[in-house]
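# Structural overview
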Amino acid sequence: MRHGRWITPLVGGTLIVALALPAGAASGAKASDASILVGGVITKRDVPKSWTSSKQPDFNSALKAVPACAPILAATTLARKSPHQNSPTFTDKSNAQLTNAQNQVYAFKTAASASAYLAAYQDPVGSACVQGLIQHAGASAGAQPTVNVGPLTNLQSLGSQAIGYEGTLPLTVQNQTLNLFIDEIVVRVGRSVVVFQFGSPGQQIAQGPAIVRSVSTRLQHAGA
C-alpha cells in the first residue's frame, strides 16, 4: 500500500478499542519526562471541536487474545515500567462514531531503548498483530471479516523513526457496506515513542497527519 499523505502537510467504539495498546498513568515522572508525557498525548486542541472524548481503555486482554501480538505485548509490558501516559479516545459522533483517534506515549531513559521498543513493531510482527486485532474486533462484533493489512509507506519524515500499518475492515452500517480504515503509527522522537491509533470510514482519517505532526512537534520542542 502507498499512503504518501502521511508526509504531506502532514481505526468506532469497539474498533478503536480493539487497536488500543495497554495503558498506564503517569506517575513518578521526572520534570523532563513530564514534559514528554504532556506533549505526547493527543489533546482536545488537536481534534475538531465537535469531537467528544472518553477514557481510553486498557487493552491487555485483547493483545493476549491475539497470539501474533505476543512480541508487542512483551515489549509494551516492559515499556510500561517507564513513565507513560494515554490520551483520551476522541470520537466524531456525527458518523456513527466510526472516526476516532487516540495514542499512548512513553518516555524512555535513552533513545536506544526507545528505538528498541519501536523495533518490536517491525514486519512481520507489526502487520500480523494489527491484522489479528482487527479480525478479533470483527469476530467480537459477530462477523468473520476478510481483513487486509499492509505497511504505511513514506513515513520517513516523521520524528526520528516511524513505522505504521493500515488495515480495512468491511462493515455494514444502515444497510450500506463500507470499509473502515484503521491505521496504527508508531513514531519515535528522541527518547520518546508515541503509538497512534486512528479509525475512519471509507478513507484514511483526514485529521490524522495533522494530529501526528502536532504531537511530534511538541515532543521536539520538549527536547525529547
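In what follows, the accompanying structure is described. (Residues numbered from 1 in each chain as written. Predicted model: local features only at pLDDT ≥ 70, side-chain atom pairs only at ≥ 80, totals over all residues. Heavy atoms only, no water.)

## What to know about the packing of aromatic side chains
The geometry of an aromatic ring pair is captured by two quantities: the separation of the ring centres and the angle between the planes. Here is the rule we go by: In summary, the pairing rule links any two rings of Phe, Tyr or Trp, Trp by its six-membered ring, whose centres are within 6.5 Å, and it sorts them by plane angle into stacked for under 30 degrees, edge-to-face for over 60 and tilted for everything else.
Evaluation of the coordinates by the stated rule reveals five aromatic pairs. An aromatic cluster is present here, built from Tyr-106, Phe-108, Tyr-117 and Tyr-121 joined pairwise through their rings.

## Focus on the state of the cysteines
In protein chemistry, a disulfide is the covalent bond that joins the sulfur atoms of two cysteines. Spelled out, the test is: Note on disulfides: each one is a pair of cysteine sulfur atoms within 2.5 Å. Helix numbers and strand numbers start at the N terminus; a helix is a DSSP run of H or I with at least 4 residues, a strand a run of E with at least 2. Whether a residue is buried, partly exposed or exposed follows from its accessible area with a 1.4 Å probe, protein chains only, as a fraction of its type maximum: under 20%, in between, or over 50%, in that order.
One pass over the structure, following the stated rule, counts one disulfide. Between Cys-69 and Cys-129 runs a disulfide, and the two sulfur atoms are separated by 2.1 Å. Here the disulfide of Cys-69 and Cys-129 is right-handed, its torsion about the S-S bond being about 100°. Residue Cys-69 is found in the loop between helix 3 (60-65) and helix 4 (70-79), and its partner Cys-129 is found in helix 6 (residues 125-140); the two are separated by 60 residues along the sequence. The burial state of Cys-69 is the same as that of Cys-129; both residues are buried.

## What to know about the nonpolar core
Put simply, the rule reads: Take the buried residues of types Ala, Val, Leu, Ile, Met, Phe, Trp, Tyr and Cys, join any two whose side-chain atoms come within 4.5 Å, and each joined set is a nonpolar core.
In terms of nonpolar packing, the biggest core is built from 32 residues, with Tyr-117 and Leu-133 touching the most fellow members. Counting residues in hydrophobic clusters, the runner-up holds 25 residues, among them Val-47, Ala-101, Ile-185 and Phe-198.

## Here we look at the pattern of salt bridges
Pairing is possible between side chains that carry opposite charge, provided their charged atoms lie close to one another. Applicable threshold: Salt bridges are defined by distance alone: a side-chain nitrogen of Lys or Arg within 4 Å of a carboxyl oxygen of Asp or Glu.
Counted by the stated rule, this structure contains three salt bridges. A salt bridge links Arg-80 to Asp-58, with the shortest nitrogen-to-oxygen separation between them at 3.5 Å. Taken as a pair, Arg-80 in the loop between helix 4 and strand 2 (84-86) and Asp-58 in the loop between strand 1 (52-54) and helix 3 lie far apart in primary sequence, 22 residues in all. Given the relative accessible area of 38%, Asp-58 is considered partly exposed.

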